[in-house]
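Structure at a glance
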Amino acid sequence: MKRKLVFATHNAHKLDEVRDIVKDNFEIVSLTDIGCFDDIEESGSTLEDNARIKARFVKEKYGYDCFGDDSGLEVDALNGAPGVYSARYAGGNGHDSEANVKKLLHEMEGASDRKAHFRTVIVLLLDGKEYQFDGRVDGTITSTPQGNDGFGYDPVFQPDGFDKTFAQLGMEVKSEISHRARAVKKLCEFLKGF
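Summary of the structure given here. (Residues numbered from 1 in each chain as written. Predicted model: local features only at pLDDT ≥ 70, side-chain atom pairs only at ≥ 80, totals over all residues. Heavy atoms only, no water.)

A tally of regular secondary structure across the protein chain gives six helices and six strands. Since a compact globule built from 194 residues should have a radius of gyration of about 16 Å, the 17 Å found for the protein chain is in line with a globular shape. The principal-axis extent of the C-alpha atoms belonging to the protein chain is close to 50 × 30 × 25 Å. Sorting the 194 residues of the protein chain into buried and exposed places 47% on the buried side. Of the contacts formed within the protein chain by residues at least 6 apart in sequence, a portion of 55% connects residues at least 24 apart. About 9800 Å² of surface is accessible on the protein chain, with carbon and sulfur atoms providing 46% of the total. Looking at the protein chain, you have 26 positive and 34 negative side-chain charges, and the mean spots of the two groups are 3 Å apart. (Helix = DSSP H or I, 4+ residues; strand = E, 2+ residues; numbered from the N terminus. Rg over C-alpha atoms; globule rule 2.2 N^0.38 Å. Buried < 20%, exposed > 50% of the residue type's maximum accessible area, 1.4 Å probe, protein only. Contact = heavy atoms within 4.5 Å. Areas by Shrake-Rupley, 256 points an atom, 1.4 Å probe, with all protein chains shown as cover. Lys, Arg positive; Asp, Glu negative; His and termini not counted. Charge placed at Lys NZ, Arg CZ, Asp CG, Glu CD.)

As a further point, take the pairing of strand β2 (residues 26–30). Summarising burial for β2: four of the five residues are buried, a large majority. Relative to β2, strand β1 (residues 3–7) runs parallel, the two sharing five bridges. Opposite K4, over in β2, you have E27 as the bridge partner. (Pairing = 2+ DSSP bridges.)

Okay, the environment of D113 next. Summarising the element assignment, D113 is placed in the loop between α3 (97–108) and β4 (115–126). With relative accessibility at 31%, the residue D113 sits in the partly exposed group. Setting aside anything within four residues of it in sequence, one finds D113 in contact with D76, A77 and M108. In this structure the side chain of D113 is engaged in a polar contact, spanning 3.0 Å, whose partner is the backbone nitrogen of K115. (Polar contact = N/O pair within 3.5 Å; in protein donor to acceptor, adjacent residues only side chain to side chain.)

The next point concerns the sheet that holds strand β5 (residues 129–141). The six strands lie next to each other as β2-β1-β3-β4-β5-β6, forming an open sheet whose pairing is mixed. In this open sheet, the two edge strands, each paired with only one partner strand, are β2 and β6 (157–159). On average, each strand axis in the sheet is inclined to that of its neighbour by 35°, with strand direction left out of account. Against the sheet, helix α6 (residues 179–191) engages β1, β2, β3 (66–75), β4 and β5, with an angle of about 155° to β5. (Axes fitted to C-alpha atoms, helices over the stretch in contact; angles between N-to-C directions.)

Keep in mind these numbers describe shape, not what the thing actually does.
As structure tokens, then:
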């Protein structure tokens with residue numbers, strides 16, 4: 001019997017990406033699937049804090065074994081920004097990817113060092129214990145957006161070893177090499193022991 005785990009997200013893109021990586025090993029359900037429409041405030045100062053906040057909220061309120069994640073783009077020339085503020089880098093309440101990318105490219109104007117990395121932290125609450133899994137992919141920030149597949153900063157992030165952005169590579173390739181893929185693979189390896 002498949003083990004059911006709640007992924008503390010409403011983000012369909014992230015859910016699809018994780019389900020694609022996990023395949024048939026586990027039944028991954030979203031906050032929407034369990035009827036959780038609370039606004040879980042990501043008030044942490046680190047990716048680890050935010051992942052933990054989400055997982056603990058679901059466990060405490062709904063009782064499900066759960067994992068929460070937080071991801072961020074960390075740019076060397078910007079001292080790690082936007083980091084934990086990646087989704088709301090341009091300000092405002094929502095996740096305005098276009099505005100975030102525009103602000104990032106503006107901040108990067110004239111920068112010779114375009115190195116960056118995406119990082120994902122997953123916090124899993126399972127059988128009363130807490131575990132953490134990290135994933136990272138290094139790359140560079142392009143000078144203009146390229147590609148239509150993907151979301152967020154995908155059109156301006158070119159992973160090392162590739163001549164295309166995440167938004168040009170497509171979900172199949174991204175699911176193999178992304179920061180989230182790497183963190184989820186660690187999670188899945190761990191879960192095989194249960």
